[in-house]
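This is what each chain is made of:
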Amino acid sequence: MKKFFKFEELGTNYRREFLGGFTTFLAMAYILAVNPFTLTLGDVADLPNALRMDYGAVFVATALAAAVGSLIMGIFANYPIALAPGLGLNAYFAYTVVLTQGHPWQHALAAVFISSVFFLLLTISGLREKLINAIPVELKLAVGAGIGLFITFIGLQNSEIIVDNPATLVHIGDLTNPSTLLAIFGIFVTIILMVRGIHGGVFYGMIITAVVGMIFGVIDTPSKVVSAVPSMEPTFGALFSALGDPGFYTQSMLVVVLTFLFVDFFDNAGTLVAVANQAGLMKDNKLPRAGKALFADSIASMVGSIFGTSTTTSYIESSAGVAAGARTGFAAVVTAGFFLLSLFFFPLLEVVTSAVTTPALVVVGILMVSSLGKIDWTKFEVAVPAFLTIVAMPLTYSIATGIAVGFIFYPIVMIVKGRIKDINPIMYVFFIIFALYFIFLQ
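Residues numbered from 1 in each chain as written. Predicted model: local features only at pLDDT ≥ 70, side-chain atom pairs only at ≥ 80, totals over all residues. Heavy atoms only, no water.

Colleague: So, the pattern of salt bridges: which residues are in play, and what are the values?
Modeller: Within the structure shown, the criterion is met by three salt bridges. A salt bridge links Glu-381 to Arg-419; the shortest N-O distance between them is 2.8 Å. Of the two residues, Glu-381 sits in helix α18 (residues 380-396) while Arg-419 sits in the loop between α19 (399-417) and α20 (425-441), which places them 38 residues apart along the sequence. Residue Glu-381 is classed as buried on the basis of its relative accessible area of 9%. (Salt bridge = Lys/Arg side-chain N within 4 Å of Asp/Glu carboxyl O. Helix = DSSP H or I, 4+ residues; strand = E, 2+ residues; numbered from the N terminus. Buried < 20%, exposed > 50% of the residue type's maximum accessible area, 1.4 Å probe, protein only.)

Colleague: Now, about the pairing of strand β2 (residues 162-165): what can you tell me, with residues and values included?
Modeller: Relative to strand β3 (residues 169-172), β2 runs antiparallel, the two being bridged by four bridges. Within β3, the residue paired with Ile-162 across the bridge is Ile-172. Between β2 and β3, which pair antiparallel one after the other, the connecting turn spans three residues. (Pairing = 2+ DSSP bridges.)

Colleague: Requested: an account of the side chain of Ser-354, with residues and values cited.
Modeller: Mapped onto the secondary structure, Ser-354 falls in helix α17 (residues 354-368). Its relative accessible area of 12% is what places Ser-354 among the buried residues. Look past the residues within four positions of Ser-354 in its chain and what remains in contact with it is Phe-37, Asn-158, Ser-159 and Ser-179. (Contact = heavy atoms within 4.5 Å.)

Colleague: Explain the packing of aromatic side chains to me, using residue names and the numbers behind them.
Modeller: What the rule picks out here adds up to 23 aromatic pairs. Ring centres 5.5 Å apart and planes at 25° place the aromatic pair Phe-25 and Phe-338 in the stacked group. Placement of Phe-25 in helix α3 (residues 14-28) and of Phe-338 in helix α16 (residues 329-341) is noted, with a sequence separation of 313 residues between them. By relative accessible area, Phe-25 is classed as buried at 9%. Judged by relative accessible area, which is 18%, Phe-338 ranks as buried. Site record: aromatic cluster; members linked through ring pairs are Phe-4, Phe-5, Phe-7, Tyr-14 and Phe-330. (Phe/Tyr/Trp six-rings, centres within 6.5 Å; stacked < 30°, edge-to-face > 60°.)

Here's what the structure looks like:
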């Protein structure tokens, strides 16, 4: 085992790897509660059951996708990086594709599957690097920041800290509402934990919020702690019925597939480089076994969509495990083991309400918008597409629309500025695709 994971070469041992893997699990365990709540649109009242995914099945799919993805990453790529369904893309899946655009959730799962297949083919062929390199770094950073604002807005909405207003569209909610107050308390607690540098601060913040909610009667106490694993039947393989539906093959769904693909590109490239650099695994400023790592991600997303969850991606929270000593894929295997163990604690999710998930969405949103500092705002031709990408996501309630706006404005302002040579030809292809998206959207 030591030889397989190269313990001696990387200067580590079982204890460090176990602690690192466990720390990573604690840092990202919040997804076990947030993902099912998001994909099942738990905050949306009066939604017909036929349009709502099964909560228990999504919980199992989330845990299994995280376990499978982390296992493949650890064993095949030997990186201390764990995977799970990503925040942002799950919100896009639920609130844009299903709730706003009206696509069945089975179609959304099929879109995740197809984007994962494309990701795998692009990784194997080597075209992945060309596509990523074609997209300006400013737009990549803007996409991440925009998603951060989007999921924060969703969290504030879910807990009714922000509510709709006929005159101004949005307005601050009733701060005397017990559930809203609990969410605000959770945000403060989670921020304090994060400022103190506590690993797993988001997860602990959710636990504290839930406990306080139960103490004051805002949240019902769970009936039990351990139970049998819920059935996956409601979601397992549901995407294949969508692939056989002629109504699935529309221009609108093509944009959905591209959005899943693009955002997964950005998430993985950034996360892999950041965590590998922190662990000292970069060689000559290049990422060893990058192809294997991306292969692991694409397979995890394919498997996750079959189980019944949104895009599975590498988690930046893996950096917490690296900080605790993790250096090899054995840490990812440990993380996978804890996700499998969590399957038996489904009853605890009874305490997960919008007040409990909001702090996680807000804090993760804060972390994602940190990329704003890396954008050169002094260059107007750069600032325009970046800014429009960022604001369009929360204001149109769509990650796809934000990406489309940015990709349309970028070549226009660059041409006007006289920087035609700085535009990769692939960006013109994206311009046409997203221009058609707006045309057909009407």
